[in-house]
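Here is what each chain is made of, one letter per residue.
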Amino acid sequence: MFQDEARFGRLSDPRRCWAPWPIRPLVRKTLIREYVYAYAAVTPADGHLEWMLADDMAAKTMGLFLRQVAQNHPNEFVIMVLDGAPSHRSRELEIPEQMALIRLPPYSPELNPAERLWDELREKEFANKVFDSLEAAVIQLALGLWRLESAPAATQSLTGWQWILESSWLRNRISS
């Protein structure tokens, strides 16, 4: 599984949008800095997605997410590929017994397909929207994550990069 986390909130994300000529679309904007953190882990081979929302990005919270993934895969040994965020390197991070962490090289988000989830959510769920409260943003984020979770084929299409799917390790794991 590939894991990542991202921050979402009320800071608006104005983007280009289409409107028939001669109408000029108006997009509201807000600069309110209230956030929630989304944790996600995806299996590119089949599009399986695990996610959790939290108030912070700390080692303890990361440990809770890893425990959640381990509990959802009780009969599997999970290899989690992740970046080198401080919460992933902390001595306080509790890693479940049936899990191993593999860290990506520094400054290489292009190697982590979980990053594509955030682009998808920002484009489909947050672009050109202003939220009246953090709760409204959290609901929108949860709906977007649920949409990705309930459409594994679409999630696999986003994250199933050829170099990952063709790796001999992954092929051996899927066939066993």
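Quick note: structure is the one above.
Computed from a predicted model, the values in this text were never measured in an experiment.

Asker: Before we move on, could you go through the pattern of salt bridges and cite the residues and values that matter?
Answerer: This structure, assessed with the given rule, holds 5 salt bridges. In this structure, Lys 124 engages Glu 123 in a salt bridge whose closest nitrogen and oxygen atoms are separated by 3.6 Å. Assessed through its relative accessible area of 42%, Lys 124 is described here as partly exposed. Taking the shortest distance from any N to any O, the salt bridge between Glu 125 and Arg 147 comes out at 3.0 Å. Remark: Arg 147 occurs in helix H4 (residues 134-149) and Glu 125 occurs in helix H3 (residues 115-126); sequence separation between them is 22 residues. Of the residues examined, Glu 125 reaches a relative accessible area of 9% and is grouped as buried. For Arg 147, a relative accessible area of 30% translates into the label partly exposed. The structure contains a network of salt bridges with shared partners spanning Glu 120, Glu 123, Lys 124, Glu 125 and Arg 147.

Asker: Could you give me a rundown of the nonpolar core, with the residues and numbers involved?
Answerer: Phe 8, Leu 117, Trp 118, Leu 121 and Leu 141 are the most contacted members of the largest nonpolar core, which totals 23 residues. Once residues within four sequence positions are removed from consideration, Leu 141 is found in contact with Phe 8, Val 36, Ala 38, Leu 53, Leu 121 and Phe 126. Counting 18 residues, the second largest nonpolar core, distinct from the first, contains Phe 65, Leu 66, Val 69 and Met 99.

Scoring rules and cut-offs
- Residues numbered from 1 in each chain as written.
- Predicted model: local features only at pLDDT ≥ 70, side-chain atom pairs only at ≥ 80, totals over all residues.
- Heavy atoms only, no water.
- Salt bridge = Lys/Arg side-chain N within 4 Å of Asp/Glu carboxyl O.
- Buried < 20%, exposed > 50% of the residue type's maximum accessible area, 1.4 Å probe, protein only.
- Helix = DSSP H or I, 4+ residues; strand = E, 2+ residues; numbered from the N terminus.
- Core = buried A, V, L, I, M, F, W, Y, C linked by side-chain atoms within 4.5 Å.
- Contact = heavy atoms within 4.5 Å.

Note that every value here comes from positions in space, so none of it alone points to a role or purpose.
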